[in-house]
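Listed below are the residues making up each chain.
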Amino acid sequence: MTAAARLALVAALAGAAALVAGMLLPPEGHFEFESWPGFHAGVAVVAVAALAALTRVGRALLARREDPR
Amino acid sequence: MRVLDALPPGTLLVLGALLLPLARGRARAGLLVGLPLASLAHQLLAAPGGPVGLTLFGYALEPVRIDALSTAFGVIFHGAALLGAVYALHVREPGQHVAALAYAGSAIGAVFAGDLLTLFLFWELTSIASVFLVWARRTPRAYAAGMRYLVVQVGSGVLLLAGTAYHARDTGSVAFDALDPATPGGVLLLLAFGIKAAFPLLHAWLPDAYPEATVTGAVFLSAFTTKMAVYALARGFAGLDLLVPIGLAMTVFPVVWAFLANDLRRVLAYSLVDQLGFMIVAIGIGTPLAIDGAVAHAVTHVLYKSLLFMSVGAVLLRTGSARATDLGGLARSMPWTTACCAVGTASIAAVPLFCGYVSKTIILVAVAEDHRAAAFVILLAAAAAVLVVPGVRVPWAAFFGTDRGLRCAEAPWNMRAAMGATAFGCILLGVAPGLLFALLPHGGEDIHVYTAGHVATQVQLLAFAGLAFAALARAGAFPGDARVEHLDADWTYRRALPAVSRFVLRASTAARTAWTRSFAESLDALIVRVYRHHGPEGVFARTWLTGSAVLWVLVLLFVALIVYYA
């Protein structure tokens, strides 16, 4: 198993445990949406997906020339 | 002791730095490590009011003001100076040491300035001292980047001085307290602070200059300038609502540039702007808890960002490159550096038990308590993105990614010691947040960061961000590393302004040529006309009869007589 696969496995286990814990624990946040199941997980996934899209657009638009160094 | 009492904290470091070129070998090393310690003792023992009765142009000065806010920044700045000095012990060039300690001392002096004129003095000293940390790399790129950096930094100082003048005219005082952003002086001062705090569109100097600095210079640069500005904003503009959207923008846009950058120190520079955004949002909210969050994040940020610059700097020192396209697979060659980099990335990603988690949680709670739902969600999203950049990207590119066959020695002992101590600090403040709270102006407002809810939601955020990144990267959704350069807002003064100035120069040259030609043609025509009348063939050159000439002379004499007697 590669290092990347091991890290992904750890992240999956930790994420699943945190998701379950988030559902079982009494709500602590100041906003109602914080108590929605998987709210933080959803924000994380959307943020990373948006980052992927923006970096692709950025590379296409902003990469102008070879780095001279 | 009376002389020391009269000196603002930090000046001992500035003055002591001047002795460094006179010392050699162990004496220089002793001075390098001893000066920050002596300066810290000086700060802790300094009289709260400092020298009194000083005036300039009729304005009362307060060169030293010691309170909880300045003390927190003073302590962490001294810590950064000490760790940076240890990290730089192997450098044989005394000029770099002088610049680094003078820079650190000036930043410390600035956070203890009780009036705007003293602040201006130290503000400009940081600009001048720090640029030598860029120029000391002695490459054409470093020289150009340093020059741009200096222009921007001195520009910030000029705005600070102009703002101070307006403020003094309006209020009759130069005391550095809460400032009014609705006055011309307040606007200028906000701009001056905003440049050094890397506000959006004013930030380009940072990712431009920091990656061009020396290995050790970048570590010092990452600690002082921006945090000095954060201090100034917390002192002068706490609770200014405008800072919230500015800070939110800062947490979002640099992440894209950070991902696209090839130079890992540029990646870190962009993520520095991103982390500053969290502090600016907290200052904009301005509640005691939010100000504590901003100060806490400044303290932890100095630690983990220095650590990240140290680890990438060690890679640069050993391999000669900090570009993602050149690096990879260095974990076996540099295990200590890899471990320290991992601690730095865990801290910046706010993994529980690391210092960044504590400070970021305080800020998020302060934002939530102020009922700012949109800001809260944006900060959560930005915190998730930070796990990807620089959290995963930097260690992956340098230590774990594609092995490019680079084999090198581990970093020198002093660098390992500095990285180890900084990593220890990151973990210590993470597992014992009470130590961090003791530094804060309001003591953390009794916040409990290690509740089951906070930890569970943070782990959820980070784990799913990591999974999403792994899945998307595997699917090829992220662009790969490439040897390209992405210009940012500095496009305006590195591309657009030169192009405009070239156009203006060409246009003005053409206009001048046309005008010169037209003038010459007019002059030629005049000469021809004059020649026609006065030349050998002209009407005035004709030979007249003597009688006619005498007649004309008589007429003229007659007219003169009439005029005389009239």
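In this text, all values refer to a predicted model and were calculated from it rather than measured experimentally.

Undergrad: Go over the interface of chain A and chain B, please, and point to the residues and values.
TA: Think of interface size as the accessible area that goes away when the parts come together; that is how it is often given. Facing the 41 residues of chain A at the interface are 54 residues of chain B. In this structure, the connection of chain A to chain B is made through 0 salt bridges. Counting the contacts that link chain A with chain B gives 6 residue pairs in polar contact (both at pLDDT 80 or more). Sorting the residues of the side of chain A that touches chain B by element identifies helix H1 (3-24), helix H2 (39-62) and strand E1 (63-66) of chain A as the ones contributing at least two each. Here the side of chain A that touches chain B is built from residues that sort into 25 nonpolar, 7 polar and 9 charged.

Undergrad: An account of the state of the cysteines is requested, with residue identities and associated values reported.
TA: Residue and element names in this part refer to chain B. Within the structure shown, the criterion is met by 0 disulfides over all chains. With no disulfide partner, Cys341 has as its closest neighbouring cysteine sulfur the one in Cys340, 8.8 Å distant. Free of any disulfide, Cys355 has its nearest cysteine sulfur in Cys426, 4.0 Å distant.

Undergrad: Provide a residue-level description of the confidence of the model for chain B, including the pertinent values.
TA: Residues and elements named next belong to chain B. The share of residues in chain B with pLDDT of 70 or more is 98%, and the mean pLDDT across the chain is 93. The weakest mean pLDDT in chain B belongs to helix H1 (residues 2-6) at 71; the strongest belongs to helix H18 (residues 413-431) at 98. Prediction confidence for the complex, expressed as pTM and ipTM, is 0.89 and 0.89 respectively.

Undergrad: Can you lay out the pattern of salt bridges for me, pointing to particular residues and giving the numbers?
TA: Side chains bearing opposite charge may pair, as long as their charged atoms lie close to each other. Residue and element names in this part refer to chain B. One pass over the structure, following the stated rule, counts 15 salt bridges over all chains. Note that Arg372 and Asp370 form a salt bridge whose closest N and O atoms lie 2.7 Å from each other. Residue Arg372 is classed as partly exposed on the basis of its relative accessible area, which comes to 22%. Taking relative accessible area as the criterion, Asp370 reaches 27% and is therefore assigned partly exposed. Across the salt bridge formed by Asp481 and Arg393, the nearest N and O atoms sit 2.6 Å from each other. Separated by 88 residues along the polypeptide, Asp481 in the loop between helix H20 (452-474) and strand E3 (484-486) and Arg393 in helix H17 (residues 373-400) bring together distant segments of the chain. Residue Asp481 is classed as partly exposed on the basis of its relative accessible area of 40%. By relative accessible area, Arg393 is classed as buried at 7%.

Undergrad: I'd like to hear about helix H10 (residues 215-223) of chain B, residue by residue, with values.
TA: Counted residue by residue, H10 of chain B has 9 buried out of 9 residues, so it is predominantly covered. Those residues of H10 of chain B lying buried are Val215, Thr216, Gly217, Ala218, Val219, Phe220, Leu221, Ser222 and Ala223 of chain B.

Undergrad: Which residues make up the packing of aromatic side chains, and what are the values?
TA: Residue and element names in this part refer to chain B. Taken as a whole, this structure holds 26 aromatic pairs over all chains when the rule is applied. Here Phe77 and Phe224 contribute two aromatic rings whose centre-to-centre distance is 5.2 Å and whose plane-to-plane angle is 80°, an arrangement assigned as edge-to-face. Taken together, the residues span a long stretch of sequence, with Phe77 in helix H4 (residues 68-87) and Phe224 in the loop between H10 and helix H11 (225-236) at a distance of 147 residues. Pair check on accessibility: Phe77 and Phe224 agree, each one buried.

Undergrad: Just give me the short version of the environment of Leu268 of chain B, but keep the residues and values in it.
TA: Residue and element names in this part refer to chain B. Summarising the element assignment, Leu268 is placed in helix H13 (residues 264-285). Overall, Leu268 belongs to the buried group, its relative accessible area being 0%. The spacing of Leu268 and Pro390 is 122 residues in sequence and 6.7 Å in space, taken between C-alpha atoms. Leave out the neighbours within four places in its chain, and Leu268 touches Lys305, Leu308, Phe309, Val312, Pro390 and Val394.

Undergrad: Can you explain H1 of chain A? Please cite residues and give values.
TA: Residues and elements named next belong to chain A. Over its 22 residues, H1 runs 32 Å from end to end, which matches the ideal 32 Å to within 8%, given 1.5 Å per residue. Residues of H1 that are buried: Ala11, Gly15 and Ala18. With its buried residues spanning 70° around the axis, H1 presents them on a single face. Across H1 from its buried face, at more than 90 degrees, point the exposed residues Val10, Leu13 and Leu24.

What counts, and where the lines are drawn
- Residues numbered from 1 in each chain as written.
- Chains lettered and ligands numbered in written order.
- Predicted model: local features only at pLDDT ≥ 70, side-chain atom pairs only at ≥ 80, totals over all residues.
- Heavy atoms only, no water.
- Contact = heavy atoms within 4.5 Å.
- Salt bridge = Lys/Arg side-chain N within 4 Å of Asp/Glu carboxyl O.
- Polar contact = N/O pair within 3.5 Å; in protein donor to acceptor, adjacent residues only side chain to side chain.
- Helix = DSSP H or I, 4+ residues; strand = E, 2+ residues; numbered from the N terminus.
- Nonpolar A, V, L, I, M, F, W, Y, C, P; charged D, E, K, R; others polar.
- Disulfide = S-S within 2.5 Å.
- pLDDT = per-residue confidence, 0-100.
- Buried < 20%, exposed > 50% of the residue type's maximum accessible area, 1.4 Å probe, protein only.
- Phe/Tyr/Trp six-rings, centres within 6.5 Å; stacked < 30°, edge-to-face > 60°.
- Expected span 1.5 Å × (residues − 1).
- Arc of directions from axis to C-beta.

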